[in-house]
Amino acid sequence: MTFDEYSHLANSTRHYTRSRREALEYVNTGFGGEAGEYLDEYKKHLRDVGEYYHPPLGERRIALLLELGDTLWYLSRIAMELDSSLHEVAQMNVDKLRTRYIK
């Protein structure tokens, strides 16, 4: 699946109708909340496993990936509310990384 395909599907599940400003506020705070839920799952991993770099396994790994998916949905919506796309965001990030790290 491409970023554009994902964004199209994510857009079809959008259930909010607000002004542009309110929509951006909604998806920004939603993104923060989902990122917090991801971190909470990772915190539980650290608590239960007790090792920072031990790879998450089993159900915890699935929970982490599901939370990442939720953050991806909000990230896609943020990009769209900013008249952009995940594809453009990814390309801009790669371009920035090339100027900093890739010689």
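Just so it is clear, the structure is predicted and the values come from calculations on it, not from any experiment. (Residues numbered from 1 in each chain as written. Predicted model: local features only at pLDDT ≥ 70, side-chain atom pairs only at ≥ 80, totals over all residues. Heavy atoms only, no water.)

A. Highlighting the overall build of the protein. Across its full length, the protein carries 4 helices and 0 strands. Reading the protein from its N terminus to its C terminus gives the helix and strand order α-α-α-α. For 103 residues, the compact-globule formula gives about 13 Å, and the C-alpha radius of gyration of the protein, at 16 Å, lies well above that figure. Taken along the three principal axes of its C-alpha coordinates, the protein extends 45 × 40 × 25 Å. For the protein, with 103 residues in total, the buried portion stands at 22%. Taking the intrachain contacts of the protein between residues at least 6 apart in sequence as the baseline, contacts between residues at least 24 apart amount to 66%. By element, 57% of the accessible surface of the protein is carried by carbon and sulfur atoms, the whole surface being about 7,500 Å². The average position of the 14 basic charges and that of the 17 acidic charges among the side chains of the protein differ by 4 Å. (Helix = DSSP H or I, 4+ residues; strand = E, 2+ residues; numbered from the N terminus. Rg over C-alpha atoms; globule rule 2.2 N^0.38 Å. Buried < 20%, exposed > 50% of the residue type's maximum accessible area, 1.4 Å probe, protein only. Contact = heavy atoms within 4.5 Å. Areas by Shrake-Rupley, 256 points an atom, 1.4 Å probe, with all protein chains shown as cover. Lys, Arg positive; Asp, Glu negative; His and termini not counted. Charge placed at Lys NZ, Arg CZ, Asp CG, Glu CD.)

B. Highlighting the environment of Arg-20. Residue position: Arg-20 is located in helix H2 (residues 20–49). The partly exposed category is assigned to Arg-20, whose relative accessible area is 44%. It is 7.1 Å that separates the C-alpha atoms of Arg-20 and Glu-81, two residues lying 61 residues apart in sequence. Beyond its immediate stretch of four places on either side in the chain, Arg-20 contacts Met-80, Glu-81, Leu-82 and Asp-83.

C. Examining helix H1 (residues 3–12) more closely. Within the span of H1, buried status applies to Tyr-6, Ser-7 and Ala-10. Buried residues of H1 fall within an arc of 100° about the axis and therefore sit on the same side. Counted as exposed and oriented over 90 degrees from the buried face of H1: His-8 and Ser-12. (Arc of directions from axis to C-beta.)

D. Structural view of the packing of H2 against helix H3 (residues 58–81). Where H2 contacts H3, the axes come no closer than 9 Å and their chain directions differ by 165°. By the angle class used here, H2 and H3 are roughly antiparallel. Every pair of crossing elements has a handedness; the one defined by H2 and H3 is left-handed. Partitioning the contact of H2 with H3 into residue classes produces 15 nonpolar, 4 polar and 12 charged. (Axes fitted to C-alpha atoms, helices over the stretch in contact; angles between N-to-C directions. Parallel < 35°, antiparallel > 145°, perpendicular 65-115°, else oblique. Left-handed = near helix turned anticlockwise from the far one by under 90°. Nonpolar A, V, L, I, M, F, W, Y, C, P; charged D, E, K, R; others polar.)

E. Region of the structure containing the nonpolar core. Tyr-6, Ala-10, Tyr-16, Ala-23, Val-27, Trp-73, Tyr-74, Ile-78 and Leu-86 together form the largest nonpolar core, which totals 9 residues. If you list the elements that add at least two residues to this core, you get H1, H2 and H3. Not counting residues up to four positions away in its chain, the partners in contact with Ala-10 are Trp-73, Ser-76 and Arg-77. (Core = buried A, V, L, I, M, F, W, Y, C linked by side-chain atoms within 4.5 Å.)

F. Expanded view of H2. The end-to-end C-alpha distance of H2 is 43 Å, a good match for the 44 Å that 30 residues give at a rise of 1.5 Å each. All buried positions along H2 are accounted for by Ala-23, Val-27, Gly-30, Glu-34, Glu-41 and His-45. Where H2 terminates, the next one or two residues include Gly-50, which has phi positive at roughly 80°. (Expected span 1.5 Å × (residues − 1).)

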